[in-house]
Amino acid sequence: MSRLASGWTAATYGAVVLGLYMAFRYAPPERVMGNVQRIFYFHVAAAWVGFLAFGIVFVASLAYLRRGRARWDRLAAAAAELGVLFTTITLVMGSLWARAVWGVWWTWDPKLTTTLILWFLYAGYLLIRAAVDDRSQRGRYSAVLGIAGFLNVPIVYMSSVWWTSIHPVLRDQPGMNLDPAMRLALQVAVGAFTLLFLLLLNQRVRLARLADRVRELGETGPERG
């Protein structure tokens, strides 16, 4: 492992530890919800990373349809896998928070519903990749779905503004209506999750590149001297 990669990994681990400390020790408990509000920091951070991942899928899919290069397809696939993972974390943490605050595990609130639809779209993206054997067709089909699926991201983001929702709307509130310590804890959590995502994305793309190389060697067979 290069020094750059080692430094990146160490910085990511440090940021995650710092994020945990800021969320559980530095930030004060919320006056009404108490300590359960601490889920908020990781819930928002995971949601942001999910949006970032699907944004990368969108850009990489456009590039693949235009250029047809395998590296863009690998990047889109890796980002989609991680986007589904972090969106799953978002939904799970949102359900835990909803149970504590609203008294139910799930409600068909616009924000929750559109997020679930987003999850299904990219879960379908991964299913298409697993079902289609031809690499060229798989790349094209998944790229089209990756582009179409991203159209739901702004809908998720704006859903609590466009429709009646019990989900908190923070985007129009100065400082998100948070105590300065809470706001700093959220910023650190978002930064830590972003670093973790980029680290995982780099490793996943690298593994996909190696897997493609092994497959190519298997198709061509060993060279004869």
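Residues numbered from 1 in each chain as written. Predicted model: local features only at pLDDT ≥ 70, side-chain atom pairs only at ≥ 80, totals over all residues. Heavy atoms only, no water.

*Asks:* Please explain the overall build of the chain as it appears in this structure.
*Replies:* Within the chain one finds 7 helices and 0 strands. In sequence order, the secondary structure elements of the chain are arranged as α-α-α-α-α-α-α. Burial statistics for the chain: of 225 residues in total, 40% are counted as buried. Considering only contacts in the chain between residues 6 or more positions apart, those separated by 24 or more positions represent 73%. Here the chain displays about 12900 Å² of accessible surface, and carbon together with sulfur accounts for 64% of that area. (Helix = DSSP H or I, 4+ residues; strand = E, 2+ residues; numbered from the N terminus. Buried < 20%, exposed > 50% of the residue type's maximum accessible area, 1.4 Å probe, protein only. Contact = heavy atoms within 4.5 Å. Areas by Shrake-Rupley, 256 points an atom, 1.4 Å probe, with all protein chains shown as cover.)

*Asks:* Is there a simple way to explain the pattern of salt bridges in this structure?
*Replies:* Close approach of charged atoms allows side chains of opposite charge to pair. All chains considered together, the criterion is met by 5 salt bridges. For the salt bridge of D212 with R135, the shortest nitrogen-to-oxygen distance reads 3.7 Å. Linking D212 in helix 7 (residues 180-220) with R135 in helix 5 (residues 135-150), this pair joins segments that are 77 residues apart in sequence. Residue classification places R135 among the partly exposed residues on the basis of a relative accessible area of 30%. (Salt bridge = Lys/Arg side-chain N within 4 Å of Asp/Glu carboxyl O.)

*Asks:* Please clarify how the packing of helix 4 (residues 110-131) against helix 6 (residues 152-162) should be interpreted in this entry.
*Replies:* Closest axis-to-axis distance for the helix 4/helix 6 pair is 8 Å, and the angle between their directions is 165°. Classified by the angle their axes make, helix 4 and helix 6 are roughly antiparallel. Helix 4 and helix 6 meet at a crossing whose hand is left-handed. Here P110, K111, T114, T115, I117, L118 and L121 of helix 4 lie close against helix 6, whose contacting residues are N152, V153, I155, V156, Y157, S159 and S160. Looking at the contact of helix 4 with helix 6, its residues break down into 8 nonpolar, 5 polar and 1 charged. (Axes fitted to C-alpha atoms, helices over the stretch in contact; angles between N-to-C directions. Parallel < 35°, antiparallel > 145°, perpendicular 65-115°, else oblique. Left-handed = near helix turned anticlockwise from the far one by under 90°. Nonpolar A, V, L, I, M, F, W, Y, C, P; charged D, E, K, R; others polar.)

*Asks:* How should the packing of aromatic side chains be read in this particular structure?
*Replies:* A ring pair, where both rings are aromatic, is described by two values, the distance of the centres and the angle of the planes. Taken as a whole and judged by the stated rule, the model has 11 aromatic pairs. Through successive ring pairs, a cluster of aromatic residues spans F24, F42, F86, F193 and F197. (Phe/Tyr/Trp six-rings, centres within 6.5 Å; stacked < 30°, edge-to-face > 60°.)

*Asks:* Explain the packing of helix 5 against helix 6 here, please?
*Replies:* Two packed helices can be described by the angle between their axes and the distance between those axes. It is the contact of helix 5 with helix 6, at a shortest axis distance of 4 Å, that shows an interaxial angle of 20°. The pairing of helix 5 with helix 6 is recorded here as roughly parallel in orientation. Every residue of helix 6 that contacts helix 5 at A148, G149 and F150 is listed here: N152, V153 and P154. Residues belonging to the contact of helix 5 with helix 6 are distributed by class as follows: 4 nonpolar, 2 polar and no charged.

*Asks:* It is not clear to me how helix 2 (residues 39-67) should be interpreted in this structure. Could you clarify?
*Replies:* In an α-helix, one full turn covers 3.6 residues, which means residues spaced three or four apart are oriented alike. Here helix 2 contains 29 residues, and its C-alpha end-to-end distance of 42 Å stays within 8% of the 42 Å for a straight helix at 1.5 Å per residue. With its phi angle positive at about 70°, G68 sits one or two positions after the end of helix 2. (Expected span 1.5 Å × (residues − 1).)

*Asks:* For this particular structure, what's the right way to read the layout of surface pockets?
*Replies:* Over the atoms, a rolling probe the size of a water molecule traces out where space has been left empty. Of the pockets and cavities examined, the second largest pocket occupies roughly 360 Å³. Elements with a minimum of two residues in the lining of the second largest pocket: helix 3 (70-101), helix 4, helix 5 and helix 7. Ranked by residue count, the leading element in the lining of the second largest pocket is helix 3, at 6 residues. Residues that form the lining of the second largest pocket fall into these classes: 7 nonpolar, 1 polar and 9 charged. (1 Å grid on protein atoms, 1.4 Å probe; cavity = no way out; pocket = protein on both sides within 12 Å on 5 of 7 lines; lining within 4 Å. Points joined across faces, edges and corners; volume = space filled by probe spheres on them.)

*Asks:* Is there a simple way to explain a nonpolar patch on the surface in this structure?
*Replies:* Together, L18, Y21, Y26 and L184 give the surface a local cluster of nonpolar side chains, amounting to about 380 Å² of exposed area. Per-element accounting of the nonpolar patch gives the leading share, 3 residues, to helix 1 (residues 3-26). Counting through the fold element by element, L18 comes out in helix 1. (Patch = residues over 30% accessible without salt bridge, like charges linked within 9 Å, V, L, I, M, F, W, Y side chains within 5 Å.)

*Asks:* So what exactly am I meant to see when it comes to the environment of G14 here?
*Replies:* Counting through the fold element by element, G14 comes out in helix 1. Considered as a pair, G14 and A192 are 178 residues apart in the sequence and their alpha carbons are 8.4 Å apart.

*Asks:* Just to check I follow, could you spell out the nonpolar core for this structure?
*Replies:* Soluble, globular proteins show a tendency: their nonpolar side chains are buried together. By size, the foremost hydrophobic cluster in this structure holds 38 residues, and its most contacted members are Y41, V57, Y122, F193, F197 and L201. Of all the secondary structure elements, the ones that give two or more residues to this core are helix 1, helix 2, helix 3, helix 4, helix 6 and helix 7. Apart from residues lying up to four places away in sequence, L201 is in contact with I56, L75, A78, A79 and L82. (Core = buried A, V, L, I, M, F, W, Y, C linked by side-chain atoms within 4.5 Å.)

*Asks:* How should I be thinking about the confidence of the model for the chain in this particular structure?
*Replies:* A low pLDDT means the predicted coordinates there should not be read in detail. The pLDDT averaged across the chain works out to 87; a share of 88% of its residues lies at or above 70. Helix 6 is the least confidently modelled element of the chain, averaging 85 in pLDDT, while helix 2 averages 95, the highest of any element. (pLDDT = per-residue confidence, 0-100.)

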